[in-house]
Amino acid sequence: MNWDDTTDAPAAERLVGAAADGEDQAVEAALRPKDLDEFIGQEKVREQLDLVLRAARARGATADHVLLSGAPGLGKTTLSMIIAAEMGAPIRITSGPAIQHAGDLAAILSSLQEGEVLFLDEIHRMSRPAEEMLYMAMEDFRVDVIVGKGPGATAIPLELPPFTLVGATTRAGLLPPPLRDRFGFTAHMEFYEPAELERVIHRSAHLLELEVVPEGAAEIAGRSRGTPRIANRLLRRVRDYAQVKADGLITKDIAAAALAVYEVDERGLDRLDRGVLEALLKLFGGGPVGLSTLSVAVGEERETVEEVAEPFLVREGLLARTPRGRVATPAAWAHLGLTPPSSQTGGNGQQDLFGA
């Protein structure tokens with residue numbers, strides 16, 4: 001059970017989107033684990049973070065600054081709250097887009113208490129002036145506040161109490177090296193295995209007072225795209241179906257029937273994903289085809305296809321991005337139950353991505 005926010009608006013409208021909408025945020029507050037022992041998955045990250053926090057407590061010092069990276073919905077926000085709880089410290093939550101001026105950051109930093117955890121979500125979207133101020137704050141626990149303008153401007157040094165910055169980002173590559181280097185501990189959050197998601201679903205079902213048999217949990221987990229937030233969202237939709245159409249017990253058949261109603265197939269593909277694949281296979285023979293042409297065929301914006309649908313299709317091995325355009329893989333033909341044209345396969349039966 002681990003969740004995070006994202007700014008991907010198109011994904012937020014999808015049942016299998018990893019963005020958190022208002023309903024997600026309300027439910028997640030009740031479901032979030034409170035300590036590392038309750039946190040499911042991310043075994044290496046948990047082990048490493050536990051050592052960092054234990055050592056800091058033993059020294060009686062604040063924990064090192066922590067950078068968490070990974071896709072939305074994997075647990076970055078949850079881990080930041082656990083860090084504060086494990087250190088017995090309050091937490092302040094803000095985001096990069098909310099800090100557009102150095103003065104915004106200075107106001108937050110100057111009001112921190114000693115040992116407080118500052119969680120900065122989507123840290124890569126912070127403005128450059130604020131980012132440069134953060135360098136000094138992280139390293140020396142000091143900021144220079146500029147008073148006045150022009151030649152008469154004066155820099156007044158402001159001492160800060162020791163604090164722990166927890167930065168979260170879905171795009172670690174956009175962080176400048178000087179900022180990355182100031183984090184004492186960096187962790188990358190991986191997608192979850194189905195078995196881990198089953199544990200997430202069983203825990204959530206217990207907290208929501210739902211009855212889920214193991215096969216039902218496995219059915220939901222297999223369609224959750226390796227993301228706990230999506231698993232919990234699907235669980236709630238299956239709960240609705242089970243309460244209306246059955247006796248409330250979530251079995252494999254009930255889960256499959258419920259998710260069929262919501263157009264989420266056995267691999268976690270929804271209407272948009274299948275629309276992209278069907279256009280690529282049926283209209284363009286599997287490709288290659290340009291992104292603009294494909295988006296017109298699907299009836300979606302280019303950015304929606306590229307940023308919302310394609311990442312999961314590529315990760316699942318159903319679509320490939322090549323210099324000549326988008327190409328369907330043999331797995332895509334098999335998933336939709338279609339037979340590729342003979343020109344799409346080479347002598348070894350594998351799809352020839354470059355027409356050789």
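Position numbers for residues start from 1 in each chain and track the written sequence from start to end. Restriction of local features to residues with pLDDT of at least 70 applies here, the model being predicted, together with a cutoff of 80 or more for giving and counting side-chain atom pairs; totals for whole chains, interfaces and linings are based on all residues. As a convention, hydrogens and water are excluded, and side-chain values are obtained from all of the structure's heavy atoms.

(A) Geometry of the pattern of salt bridges. A carboxyl oxygen of Asp or Glu within 4 Å of a side-chain nitrogen of Lys or Arg is what we treat as a salt bridge. Per the stated rule, a full pass over the model turns up 16 salt bridges. In this structure, Glu131 engages Arg128 in a salt bridge whose closest nitrogen and oxygen atoms are separated by 3.2 Å. With Glu131 and Arg128 both in helix H6 (residues 128-140) and 3 residues apart, this pair spans about one turn of that helix. By relative accessible area, Glu131 is classed as buried at 5%. For every residue, the accessible area (1.4 Å probe, protein chains only) is compared with the maximum for its type, and the residue is labelled buried under 20%, exposed over 50%, or partly exposed between those bounds. A relative accessible area of 52% means that Arg128 is categorised as exposed. Between Asp273 and Arg225 there is a salt bridge whose closest N-O contact spans 2.2 Å. One end of the pair, Asp273, is in helix H12 (residues 271-283); the other, Arg225, is in the loop between helix H9 (214-221) and helix H10 (228-245), and 48 residues separate them in sequence. Arg225 carries the same exposure label as Asp273, and that label is buried. Overlapping salt bridges, with partners in common, bring together Arg237, Arg239 and Asp240 in one network. A run of DSSP states H or I qualifies as a helix once it reaches four residues; a run of E qualifies as a strand once it reaches two. Both are numbered from the N-terminal end.

(B) Summary view of unusual backbone geometry. Even without being a glycine, Gln42 presents a positive backbone phi close to 50°. Relative to the helices and strands, Gln42 is located in the loop between helix H2 (22-31) and helix H3 (43-59). Of note, the phi angle at Glu263 is positive, near 60°, even though the residue is not glycine. You can see Glu263 is positioned in the loop between helix H11 (252-261) and H12.

By themselves, these are just geometric observations and shouldn't be taken as functional.
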